[in-house]
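# Architecture and fold: a report
Each chain, written out:
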Amino acid sequence: MALRDIVMDTNPQLRKVSRPVTAFDAKLAKLLDDMRQTMHAADGCGLAAPQVGILRRLAVVEADDVYLELINPTFVETSGEQIGPEACLSVKDRSCDVKRPYRITIAYQNRDGKPMRKTLEGFVARACCHEMDHLDGVLFYDKEYRQR
Ligand code: CO
């Protein structure tokens, strides 16, 4: 395993829409392992491939004692809402409230390409939403929630 450099939001790469993962091979497995290690080293709870300079639709999330490898993730269903603070390993010294669904059901593939489906709620659901936004070039502060 190896640590990867994290791309900061000053880099326009982070604004691009990532392409689907099509190869479920040793290179993908290494990328996932590296991303998990990089996330741990940076003390984060999620990391998306564009954040390490790879414009492919995958992310790792570790929150609420759950570790997920989300490959080609999509929302099946969302419900409720939660408002809470977010930050990002690609964004220095900034945090703001973001409104997210409270509960999500997502479909994705695991590292072997097997279709998966999971229902999550609370913080880990928020973390997945944040990482999935990265795959479309969206950053948390684009969605800053202001009480009015
Ligand atoms: Co982020």
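Scope of this entry: the structure provided in the associated data block. (Residues numbered from 1 in each chain as written. Predicted model: local features only at pLDDT ≥ 70, side-chain atom pairs only at ≥ 80, totals over all residues. Heavy atoms only, no water.)

### Some thoughts on the pattern of salt bridges
Tallied over the entire structure, the rule returns 15 salt bridges. Glu62 is paired through a salt bridge with Arg36; the nearest N and O atoms lie 3.1 Å apart. In this pair, Glu62 sits in strand E2 (residues 58–63) while Arg36 sits in helix H1 (residues 26–41), placing the two residues 26 residues apart along the sequence. Judged by its relative accessible area of 24%, Glu62 is partly exposed. The partly exposed category is assigned to Arg36, whose relative accessible area is 30%. A single salt-bridge network, built from bridges that share partners, covers Glu86, Arg100, Arg126, Asp133 and Lys143. (Salt bridge = Lys/Arg side-chain N within 4 Å of Asp/Glu carboxyl O. Helix = DSSP H or I, 4+ residues; strand = E, 2+ residues; numbered from the N terminus. Buried < 20%, exposed > 50% of the residue type's maximum accessible area, 1.4 Å probe, protein only.)

### Comments concerning the coordination of the cobalt ion
The protein atoms that coordinate the cobalt ion are Cys88 (SG), His130 (NE2) and His134 (NE2), at distances spanning 2.1 to 2.3 Å. Positions of the donor residues of the cobalt ion along the chain correspond to the pattern C-x41-H-x3-H. You can see Cys88 sitting in the loop between strand E4 (82–86) and strand E5 (96–100) and its partner His130 sitting in helix H2 (residues 123–134), a full 42 residues away along the chain. Since its relative accessible area comes to 10%, Cys88 is described here as buried. Classification of His130 as buried rests on a relative accessible area of 7%. (Donors = N, O, S within 2.8 Å, 3.2 Å for Na, K, Ca; no water.)

### Comments concerning the sheet that holds strand E6 (residues 103–109)
Here we have five strands laid out as an open sheet, ordered E1-E2-E3-E6-E7, and antiparallel in their pairing. Each edge of the sheet is formed by a strand with only one pairing partner; in this case those strands are strand E1 (46–48) and strand E7 (115–121). Direction aside, the axes of adjacent strands within the sheet are offset by 40 degrees on average. Where E6 and E7 come together, seven bridges link them in antiparallel fashion. Residue pairing across strands places Ile104 opposite Leu120, the latter belonging to E7. (Pairing = 2+ DSSP bridges. Axes fitted to C-alpha atoms, helices over the stretch in contact; angles between N-to-C directions.)

### Some points on H2
An ideal rise of 1.5 Å per residue puts 16 Å on twelve residues; H2 measures up with 17 Å between its terminal C-alpha atoms. Of all twelve residues in H2, eleven are buried, a share of seventy percent or more. The complete set of buried residues in H2 reads Val124, Ala125, Arg126, Ala127, Cys128, Cys129, His130, Glu131, Met132, Asp133 and His134. (Expected span 1.5 Å × (residues − 1).)

### Structural notes on the nonpolar core
The biggest cluster of nonpolar side chains holds 14 residues, and the ones touching the most others in it are Val61, Leu68, Leu70, Ile104, Ile106, Leu120 and Cys128. If you list the elements that add at least two residues to this core, you get E2, strand E3 (66–79), E6 and H2. The leading source of residues in this core is H2, at six residues. Every residue in contact with Leu68, bar those within four places of it in the chain, is listed here: Ala59, Val60, Val61, Tyr108, Lys118, Leu120, Val124 and Cys128. (Core = buried A, V, L, I, M, F, W, Y, C linked by side-chain atoms within 4.5 Å. Contact = heavy atoms within 4.5 Å.)

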